[in-house]
Amino acid sequence: MREQLRLSGVSDSAIDDAVLILSELLSNACRHGRPLDDAPIGDGDVRAAWRVDDRGRLTVEVTDGGGPTRPVPSTPSVTAKGGRGLNIITALSEEWGTRDGACGELTVWALLSASHRREDFAERITAPPVSALAGLDFSEALGALDDLT
């Protein structure tokens, strides 16, 4: 996915967002959806796709065999181990939704700009190269830790 999007001229930050969105959509499909082609649980497939349209918008989508409910963002507790995926997708995409297909298939899609990240999202900063950190000396701090034992 990364290489195909890079060759299509998609910015690195949009590629990062698209990869995360794809990961969340695939996780949800595996957890909540049925496999395609009426295969038994654990033996079926899901389908992933992405494309950049002529307006420079990137669509990422995952299709599974459907499930008993439709995807809805949740409000997990602070200690919950899951339930944040659709909230992440909402934050990273311009919009997202679902589309019903043949034989009960469900496609969940997300649309984002291929050129840049949404303005209201956190700005990315690049860490300095390791060579720029060469002057730092942690021996005093580490020595102090040794004194505690």
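It should be noted that the structure appears before, not after, this text.
Residues numbered from 1 in each chain as written. Predicted model: local features only at pLDDT ≥ 70, side-chain atom pairs only at ≥ 80, totals over all residues. Heavy atoms only, no water.

(A) Inspection of the overall build of the protein chain at higher detail. When its secondary structure is counted, the protein chain shows 4 helices and 4 strands. The buried share of the protein chain, reckoned over its 149 residues, is 28%. Approximately 10100 Å² of the protein chain is accessible, and the part contributed by carbon and sulfur atoms is 54%. (Helix = DSSP H or I, 4+ residues; strand = E, 2+ residues; numbered from the N terminus. Buried < 20%, exposed > 50% of the residue type's maximum accessible area, 1.4 Å probe, protein only. Areas by Shrake-Rupley, 256 points an atom, 1.4 Å probe, with all protein chains shown as cover.)

(B) Structural view of the sheet that holds strand β4 (residues 106-113). The strand order across the open sheet formed by 4 strands is β1-β2-β4-β3, and the pairing between neighbours is antiparallel. A strand with exactly one partner marks an edge of an open sheet, and here the two such strands are β1 (47-52) and β3 (95-100). On average, each strand axis in the sheet is inclined to that of its neighbour by 20°, with strand direction left out of account. In this structure, β3 lies alongside β4, joined through 6 bridges in antiparallel fashion. Paired with tryptophan 96 across the strands is alanine 110, a residue of β4. (Pairing = 2+ DSSP bridges. Axes fitted to C-alpha atoms, helices over the stretch in contact; angles between N-to-C directions.)

(C) Representation of the packing of helix α2 (residues 12-32) against helix α3 (residues 85-92). Packing of α2 against α3 brings their axes to within 10 Å, and their N-to-C directions diverge by 150°. Here α2 lies roughly antiparallel to α3, going by the angle between them. Judged by the twist between their axes, the crossing of α2 over α3 is left-handed. Contacts between α2 and α3 pair Asp17, Leu20, Ile21, Glu24, Leu25 and Asn28 from the former with Gly85, Leu86, Ile88, Ile89 and Leu92 from the latter. Residues belonging to the contact of α2 with α3 are distributed by class as follows: 7 nonpolar, 2 polar and 2 charged. (Parallel < 35°, antiparallel > 145°, perpendicular 65-115°, else oblique. Left-handed = near helix turned anticlockwise from the far one by under 90°. Contact = heavy atoms within 4.5 Å. Nonpolar A, V, L, I, M, F, W, Y, C, P; charged D, E, K, R; others polar.)

(D) Structural view of the pattern of salt bridges. Counted by the stated rule, this structure contains 8 salt bridges. One salt bridge in this structure joins aspartate 16 and arginine 2, with 2.9 Å as the shortest N-O distance. Separated by 14 residues along the polypeptide, aspartate 16 in helix α2 and arginine 2 in helix α1 (residues 2-7) bring together distant segments of the chain. For aspartate 16, a relative accessible area of 29% gives the class partly exposed. A relative accessible area of 36% places arginine 2 in the partly exposed class. A salt bridge links arginine 99 to glutamate 61, with the shortest nitrogen-to-oxygen separation between them at 3.2 Å. With arginine 99 in strand β3 and glutamate 61 in strand β2 (residues 57-64), this residue pair connects regions lying 38 residues apart in the sequence. (Salt bridge = Lys/Arg side-chain N within 4 Å of Asp/Glu carboxyl O.)

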